[in-house]
Every structure is written in structure tokens, then in C-alpha cells.
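Descriptive structure summary
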Amino acid sequence: MLVTEGDSLHAEQRARVLIDQQLRAAGWHVCDLAQIDLIHHPNCAVREVIMKRGSGRVDYLIYGDRRIIGVIEAKPEGTTLSGVEWQSAMYANGLSAQQQLQAVTVEDRLPFVFEASGSETHFTNGYDPQPRARKIFNFPKPETLARVIRESKTSPHAPTWRAKTHQMPALNEVPLRPAQITAIKSVERSLAEQRFDRSLVQMATGAGKTFTAVTECYRLLKFGGFNRVLFLVDRNNLGDQTLREFRDYTTPDDGRKFTELYNVDKLTSAGMVGSSKVVISTIQRVYSVLRGRAVPDEDDPDVDNAVPERPVEVSYCGDLPPEAFDLVIVDECHRSIYGVWRGVLEYFDSHIVGLTATPTKQTFGFFKQNLVSEYTYAESVADRVNVDFDVYRIKTQITAQGSNVEAGTIVPVRDKKTRRERYEALDDDLDYTPGQLDRAVTSTSQIRLVLETFRDRLYTEIFPGRSSVPKTLIFAKDDNHAEEIVTAVRQVFGKGNDFAAKITYNARDPKDLLAKFRNSPTLRVAVTVDMIATGTDVKPLECVFFMRDVRSATYFEQMKGRGARTISDPDFQAVTPDATSKDRFVIVDAVGVTEHDYIDAVPLDREKSVSLKQLLGKAAALTITENETATLASRLARLDQQLTAGERTELETVAGMPLTTLVRSLVDAVDVDHQAEAHEIARQSNPEVTFDEALRELVINAIAPLAGNPDLRQRILAIRASHDLVIDEISVDVLLDAGGVIDTDKARHVVASWREYINTHKDEITALQVMYDHGGSGKVTYAELRELAEQIRRPPYNWTPDIIWNAYLAIDVETNQGKVVKSDRHTATDLVALIRYTLGVDDVLQPYADSVASRYANWLAQQEQAGVLFTHRQRWWLDRIADTIAQAARMSVDDLDVAPFTERGGADAVFDELGPDAENLIAELNTELTA
């Protein structure tokens, strides 16, 4: 349809109505030239003003404090505004001689230039070092532009923060860690370059993100020309912790506290204090203020945890205008706030800095891939910033399978809201799943068994040699679940109210309880839902206990990070007297959270059965593997936490470098990004080099300081021996204790019954029939194995692969044959290993996945000997095909259309990468890896 001139004018007139409204909302007086009154309205936008000859008529001429300071070019809604910048620039340069007498100019040009359509506004500030149009939510207030003009007079060479950040003074690095120094310098570089209006800092939990941010705020407020900072926290209770960080911060050049120089306030029901230089808030509270709603001064989960169903829309707020903040810092910015809350962030005309330990794809997208600094958890362990962790898994039948209660049983029923209990007889059988546990049904036996197992194994397996309960944080599903756990903890440990407490939003005075949990030797166990899940600092914490599942990898990382903090030995011993130093923490997993594919719960210490002496020996012989390199890094990092000042100096002298530098090089060698970078560098000199070859060279270079220094290896072992108050012989007690729990007579009965079961049902159950008929080498499907697993799970056997495996293990331990490999986790595919071992096909019982991995390594070696070399990208497909076979017993082409293969294009892509023989390769791997 043709657009007539009349239509165009009509659309532009509609846009001008909207522009007038936006100007008035910001405090400008809008009038025609005939009604101009600069005496009573010194800040005004005058419509349709003729400029000098040849420059035409400007849509709006802006007066600030009675002087001409800018222009607005108005266009109809839908106009792409960058295309009309030439027109507004012509007006900015088009002052008549008479107008120049009453104008503020920068190099003979008006400083403030706008293009607007009513729905979109672009702004160019002529005082910036390289003036560039940027999108803003609304026109600035007159006083905002007046402040810029004043700054131009006091600092003519750097009137705006975009100019001042080019001239930042040197950073005082003394109170900072290397990762903090890198983050601050990288943010300031990003601010100066202004390629993006957002900067993302990835920093491991516990590495000092908040201290880094406070340091940056101080520098930008004092030297960078920033007027005000908005500091967004994940939850309102974390605002108090952040406020303490600002109050405790001693400025490095002035010596006074931060809050003695700049006002720091939380956003309250009164809104923002005009004198505030730093405002702390949750994004939900900011949104409430923008909508003109009062916010409570105290914690309110209904406000601070609110998640709208759809993305929020914001309107202009004169009390909190877009230019209110020059910088917005988003702490814990991993959360998916950018989908529903991004309208609030993009309302402000400010640079946004995100801080997180666990960025998601959505986080990277919002920050325009501008990751300015990266510091991983493994690197923080290497630098003694954090401690490594172990995982202790507790499994129960009800947790894994649910349970049932027969009809007619009289059971207590509790109202979730009032917590009133009544007794009822069940009308029908109650069958509940693990997912319903502690939501629809609470099993007191399950809670008690998990806690009793934790209690009984605490001083023998989890913290050998200790005698008091370490500081333990338990995550519950909801407030009712937390209540049940607190009661059970007190009963199981035989302790009083001061031993365990619930710290949730519904608890009485949760802040006081949290302080006691940090500092009191008496309060040993805290049970929470979400309140202490992220950001909250409890340095003496040694056990992070999951009695609830987590479906978010980033949220799990934050929860895991609660135990990562380091603490000085005196402070640690003040609250945990029987401990010496904190060199690790333990994730106690009672629900299988660490077994999800999307959860990274692999510590650096990956090969626990290999001693430090063996690791150093392998390093010397240059035979150490990637996982062993990671383990060596963990062991040395743990030792570094225990060293005295004299011992550290001694090792540094022998090594010729700090131990942290050595550990960091080991960590870098097992980091996927460093590995990819090393491969790419190697390919520049030798295009044929494989990824594994580059990785091998990276590992050898990392261990070279150890491999080439026998004295260093000996000193490490000698110093380690002097610190070994709890030695490895204690692990024998664990094995004997495990043997005592599993009656060997009962284990023999299980094994005998299993043999009889195979013989009896070999013609009835498909998996047994296929393997029995082929002497244990038959090819079975995962569905057939699941069918077998379901059959043996039913009464009267009630078997799982774990039960049968552990029966064999108990007999093996008693006879000391060493033929059964211990494994903490078994899947249906391990039934293949059990059947083959039972039938005598295999001499050793090892997890099916281990067998597949071994055969896969042999197959790759055979391919290489035959002259077949795979690229790094081809290995990605082959590795995941092997993983699928390990998990599902075999693989078909149809499996290429599900994760993880769909991440790289699925079936279509595999033929591009592996060529037309891709299907034959899958068939060959199915044959070779399951032989």
C-alpha cells in the first residue's frame, strides 16, 4: 500500500505527541516558538525553530538554564533512527549567529543531540571522547544535562565518565588477589573501550566478588566520574551482607572507610536517598519503585523472590529516572533474570557489570558475549582461595524407589498451612514416587535413616579421626520438610535446640540465627531451603548436605559454593575445636543430585586410590594421566593450605617458584579451554598434531618442575608426612565396617540365589536368554536390561545391581582375591558385567562403563597403528558414541537425534564429520566395545 504525504505527517504528529509527553515527564517545558518564556521556564524544548540559512527547521530546540544546548529530530514510529543522524547533526551544527550568542557548544556544535520516534530515543553526548548514539529509555532531566555541562568546565579534558575511564590511576594491588586485579583492570578496560555497554566477570564462588566490586565502585566514584551506582543482590538478606562489605572497606589511598566518603544505602519504602552514592537492592524492589509501589524495609519473600509469569514492562519514573545510575552491578547474575526482568536493567542509561561464578548461555547472551574476566573454581583451589571437595553418597530404598502404604492403615496427616495433625485411615493404597517424597508424603524413616547413616559414618569415613560434628548445612525441599529434618537431627544426635536450627525466611529472626551459625561453637547444623543457597558466607562450613534435588546446574554450583570458603586456622578452631585447618569440604548427597548429567560434581581429586607418592612417581616418569594430574593439583593445593610459613618458604626455595604457581599450571593443564588453546597453538607449527598429542605435551610441561626436581618431590613427601595426623590406614577400618554391615553369609546367599535365578529364568527373560545362549557375549539392548532390572527388583528378591555387586564385593574382600572393583554407583548396564562374571566369562568384575572405556582405548590405538587418525571434531562424535554404548549397552543411528548429539546437529552433522562410513563406524563400535 502506498503511503501518502498526509499519512506520513499524521504518523509524525502522533510521534510528536508522545515526545512531548516524554519531555514533560522528565521536567522540560514544551512550547512553540511564539510561546517561549525563558524567564519563567529556563529549561524548555521549543518546537519548529528555524536554524541558519541552509540548515532548515529543527523539530525541537532544547534550552537548558536559558541557553541552547541541544536538538531533537522527531520521526514517525518505526523509523530507524540511525538513518537520520545526519539530519540531527546538521541542526546541531546549524546555529545562526544570533543563536550562537545564547548557546553552549563543543567545537562549534551543540553538545546534546537526540533522535526520537515516541517509541525509541537515541542520544549522542558531544562531551564523550568519541560521541556515539546510544538508545535511552527517556529524555534526561534538565539537571542531568546541566551537571554534564558543569563537569565540562571543571574537567574540560575529561568531562564524562566515558572520558575519565581513559585516565584511571594505577590500581593499588596490595590488598587484592590476582584474580581480583585481573577483573578490575578488565572491567576498566571495557569501560574505556566502550565496545559494549555490558561487562561480564566470571569469578569462582568464594573468590571475593563483592570485595572486587566494592573496590571498583570506589575507583569509579573517586576517579572515574561516576555519580551513583546501583548494586543488585540476589536476595534482600544479602543486601545486609553487601552493606557490611562497603562499611568495612578501607580505602587504599585515603585510609578512611568507604561509607565515611560516600553514602551507601539500601533501597527502602522511601525510595532512593538523594545523597546516596551506592544503592543496594534486589531487582524486584527496583521494579516496585518504578511502578510507584512501596517496598518493605525488612525481608519479604513475596517481594524479593517474586518471579513474574511474563517479561515485565516498565514505565518512566521521575523519582528514579533512567540516568539515576551510571553503573549497575548485578551480583550472582547467573539467574535467569534476563528473560523476565531485563526490562528493569535496560531501563537505566548505565553500564552493566555482571558478577557470577556460573554463567549460563542466557547470561552470555545478555552481556553480548563480553566476558572480560574468567576465574574458575579449579583455579581458585590452586590459588588457595577456595578448598576442594569430596562427594559422599547416601542411598536408601525409599529415596530411590518411593514406597507404598496399604489401604486401611491409620496415618497422621498434617495440614501444610496450619501444621495441625489429624489421624486418618487410608481409603486406598498409597503408592508414592521419589518425586512426591517430602512434598505430598513425608517418610520419617527415610529422613531418620539418612541422618543416622551420616552420624554413623561421620567420624570413620567422612571426617576420619574427628570427634565433633562439623558445621553442616542441609538443604530441604520446603519449610515443612526443613521442620521435620531439624527435629530428626536433634533426635538422631541426641542434642538440644542449640545444636540444630532451621534458618529460613519463616524462622524467627533468621539473621541472628545465621550469625550464630557462623560464629557459635554450639550451633552445628543449619537446615535451610533457599535463604542460604547463594551468596551467604559461612566460612567454617564443612558439610553441604543435599536432602533435596536441584534441577539447575548454576543453582547447584551456588549451593555447593557455600562450603568452598577458606578460613584461617585460629578462626576455624574457634568454632570447631577438634579441627586443625580447613583444607576441603564434603558434599553429602542423599538424593542423587550429583549424578545428574548437567551437574558438575567432579572434584580435582579424581583418583582417590592413588597416593601422593605414586602421583609424584608417575610425574617423574612422565606417565601421569590427565585425571592423575588433576588429583596431584588437588593434593598439593590441600597441602598448601596446611603449610607453615617456614615450610612454604622452604618449598619455594627448592622449587624456584611458589607452590601456588606450580599447582596453577597443573590446573591449567586439565582445563578444557587451555587444552583447546594448546591444541590450536600446536597446529600452527604442525597441522597434523592431534588433540591428545597436544594435551600430552601440555601435561608434561605442567609437571616438568616436579619431574626435573627430585629434591622437590622428596621435600613434598617429607612435609606431607609431618602433617599426616590422620593416615590412610584408617580406610581399612572403613572396609571392615562395610564388611560388618554386609553379612558375608547373607552375601553368599545373594550370590547363590543370583546364579540360580540366571539358570532358572534363562529361557524366560530376553536379556538372560541372549547372553546365556551366546556364552555371555550376546548383544542385549538397554530396554532388555531394564526389563531384567525390573524383574529382579520385585519380591521375593528385591535386588538391584548394587545389591548383587556388593554381595560379590563382600565375598571378595573376605577372601582377599581382588577380583571385584568397588564402585559407588551402578546402572542397568552393569547387569551385563554381573552376568558375564557369574557365567565365568570374565575373571574380574568391573563396571560395564569401565570395560567399554578400556575397549574403546584399545580400538583407538588399533586405528592409529593402522594409520587412521581422527580429527578433534571427529573424536567428539566418537567419544560420545562410546559414552552412549557405555550407558545403554549399544547405540543406533536413531540415537543421533537426541542429546548430546543434537548439540552439534544430530544425524545430519555426523555424516558430515565422520563421512559416509559413519553408520559402519557405529556398527563397528557396537561390536568392538561390547565384546
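Given the structure is predicted, the values throughout are model-derived calculations rather than measurements.

Take the overall build of the protein chain next. Per the secondary structure count, the protein chain includes 38 helices and 24 strands. For the protein chain, buried positions account for 51% of its 931 residues. For the protein chain, the share of sequence-separated contacts (at least 6 apart) that also reach a separation of at least 24 residues comes to 68%. Counting only carbon and sulfur atoms, one obtains 48% of the accessible surface of the protein chain, whose full area is about 43100 Å².

Next up on the list: helix H24 (residues 645-655). Listed as buried for H24 are Glu647, Arg648, Leu651 and Ala655. Down the axis of H24, the buried side of the element spans an arc of 100 degrees, and every buried residue falls inside it. Among the exposed residues of H24, those pointing more than 90 degrees away from its buried face are Ala645 and Thr653.

In this structure, Phe258 and Leu632 are the most contacted members of the largest nonpolar core, which totals 96 residues. If sequence neighbours within four positions are ignored, leucine 632 has contacts with Leu612, Leu615, Leu616, Ala619, Ile624, Leu666 and Leu706. Residues Val770, Ala810, Val820 and Ala833 belong to the second largest nonpolar core, which totals 59 residues.

So, on to helix H32 (residues 782-793). End to end, H32 covers 16 Å across 12 residues, agreeing with the expected 16 Å (1.5 Å per residue, within 8%). For H32, the full list of buried residues reads Glu784, Leu785, Leu788, Ala789 and Ile792. Seen from one end, H32 has its buried residues packed into an arc of 145 degrees, which puts them on one side.

With that out of the way, let us pick up the confidence of the model for the protein chain. Across the protein chain, pLDDT averages 85, with 89% of residues at or above 70. This stretch, residues 1-8, has a pLDDT under 50; its non-local contacts, to residues over four places away or in other chains, come to 2 contacts. Counted against residues more than four places away or in other chains, residues 725-742, with its pLDDT under 50, gives 13 contacts.

Negative charge collects at one region of the surface, where Asp894, Asp897, Asp908 and Asp912 lie side by side. Looking at the element boundaries, aspartate 894 is found in the loop between helix H36 (872-888) and helix H37 (906-914).

Spatial strand order, E10-E11-E9-E12-E13-E8-E14: 7 strands in an open sheet with parallel pairing. What marks the edges here is a single partner per strand, and that holds for strand E10 (263-266) and strand E14 (371-375). In this sheet, adjacent strand axes meet at a mean angle of 15 degrees when their direction is disregarded. Across the face of the sheet, helix H7 (residues 209-222) comes into contact with strand E8 (198-203), strand E9 (229-232), strand E11 (276-281), strand E12 (327-331) and strand E13 (351-356) while running at roughly 175 degrees to E12.

Bringing the side chain of serine 373 into the picture now. For serine 373, the location among the structural elements is in strand E14. A relative accessible area of 5% places serine 373 in the buried class. Setting aside its immediate chain neighbours within four residues, serine 373 contacts Ala179, Thr182, Ala183, Ser186, Leu200, Val201 and Gln202.

Bringing the packing of helix H22 (residues 612-620) against helix H23 (residues 626-642) into the picture now. The interhelical angle for the contact between H22 and H23, taken along N-to-C directions, is 125 degrees, at an axis separation of 10 Å. Regarding the angle of H22 to H23, the classification is oblique. Of the two elements, H22 crosses H23, and the hand of that crossing is left-handed. Every residue of H23 that contacts H22 at Leu612, Leu615, Leu616, Lys618 and Ala619 is listed here: Glu628, Thr631, Leu632, Arg635 and Leu636. Class assignment of the residues belonging to the contact of H22 with H23 gives a composition of 6 nonpolar, 1 polar and 3 charged.

Taken in spatial order, the 6 strands of this open sheet run E15-E24-E23-E20-E22-E21, and their pairing is parallel. Only two strands of the sheet have a single partner each, and these edge strands are strand E15 (388-393) and strand E21 (500-502). In this sheet, neighbouring strand axes are inclined to one another by 20 degrees on average, regardless of whether the strands run parallel or antiparallel. The sheet contact formed by strand E20 (residues 472-475) and strand E22 (residues 525-528) spans 4 bridges and is parallel. Within E22, the position partnered with phenylalanine 475 by the bridge is threonine 528. The strands touched by helix H20 (residues 553-560) are E15, E20, strand E23 (543-546) and strand E24 (584-589); relative to E23, the strand with the most contacts, the crossing angle is about 140 degrees.

With the rule as written, the count across this model stands at 0 disulfides. Left unpaired, cysteine 44 is separated from the closest cysteine sulfur, that of cysteine 31, by 4.9 Å. A relative accessible area of 1% means that cysteine 44 is categorised as buried.

This next bit is on the packing of aromatic side chains. Centre-to-centre distance and the angle between the planes together describe a pair of aromatic rings. In the structure shown here, the tally under the stated rule is 33 aromatic pairs. Consider the rings of phenylalanine 366 and phenylalanine 367, whose centres lie 5.2 Å apart with planes at 80 degrees: the pair is edge-to-face. Owing to a relative accessible area of 2%, phenylalanine 366 belongs among the buried residues under this scheme. These aromatic residues form a ring-pair network of at least three members: Phe211, Tyr218, Phe231, Phe246, Tyr249, Phe258 and Tyr262. A cation over an aromatic ring shows up here: lysine 560 above the ring of tyrosine 377, its NZ or CZ 4.8 Å from the ring centre. Above the ring of phenylalanine 463, the side-chain terminus of arginine 584 is found at 4.7 Å from the ring centroid.

Turning next to the environment of leucine 615. Topologically, leucine 615 is positioned in helix H22. The class of leucine 615 is buried, set by a relative accessible area of 0%. Measuring from C-alpha to C-alpha, the distance between leucine 615 and leucine 632 comes to 6.3 Å, with 17 residues separating the pair along the chain. With sequence-adjacent residues up to four places away left out, leucine 615 is seen in contact with Val610, Ile624, Glu628, Thr631, Leu632 and Arg635.

This part is about the environment of valine 84. The residue valine 84 is located in the loop between strand E4 (67-74) and helix H2 (85-92) in this model. The exposure class assigned to valine 84 is buried, which follows from its relative accessible area of 9%. As for valine 84 and alanine 74, which are separated by 10 residues in sequence, their C-alpha atoms are 9.4 Å apart. With near-sequence residues (within four places) excluded, valine 84 lies in contact with Glu73, Lys75, Thr79 and Glu115.

So, how was this worked out
Residues numbered from 1 in each chain as written. Predicted model: local features only at pLDDT ≥ 70, side-chain atom pairs only at ≥ 80, totals over all residues. Heavy atoms only, no water. Helix = DSSP H or I, 4+ residues; strand = E, 2+ residues; numbered from the N terminus. Buried < 20%, exposed > 50% of the residue type's maximum accessible area, 1.4 Å probe, protein only. Contact = heavy atoms within 4.5 Å. Areas by Shrake-Rupley, 256 points an atom, 1.4 Å probe, with all protein chains shown as cover. Arc of directions from axis to C-beta. Core = buried A, V, L, I, M, F, W, Y, C linked by side-chain atoms within 4.5 Å. Expected span 1.5 Å × (residues − 1). pLDDT = per-residue confidence, 0-100. Patch = residues over 30% accessible without salt bridge, like charges linked within 9 Å, V, L, I, M, F, W, Y side chains within 5 Å. Salt bridge = Lys/Arg side-chain N within 4 Å of Asp/Glu carboxyl O. Lys, Arg positive; Asp, Glu negative; His and termini not counted. Charge placed at Lys NZ, Arg CZ, Asp CG, Glu CD. Pairing = 2+ DSSP bridges. Axes fitted to C-alpha atoms, helices over the stretch in contact; angles between N-to-C directions. Parallel < 35°, antiparallel > 145°, perpendicular 65-115°, else oblique. Left-handed = near helix turned anticlockwise from the far one by under 90°. Nonpolar A, V, L, I, M, F, W, Y, C, P; charged D, E, K, R; others polar. Disulfide = S-S within 2.5 Å. Phe/Tyr/Trp six-rings, centres within 6.5 Å; stacked < 30°, edge-to-face > 60°. Lys NZ or Arg CZ within 6 Å of the ring centre and 35° of its normal.

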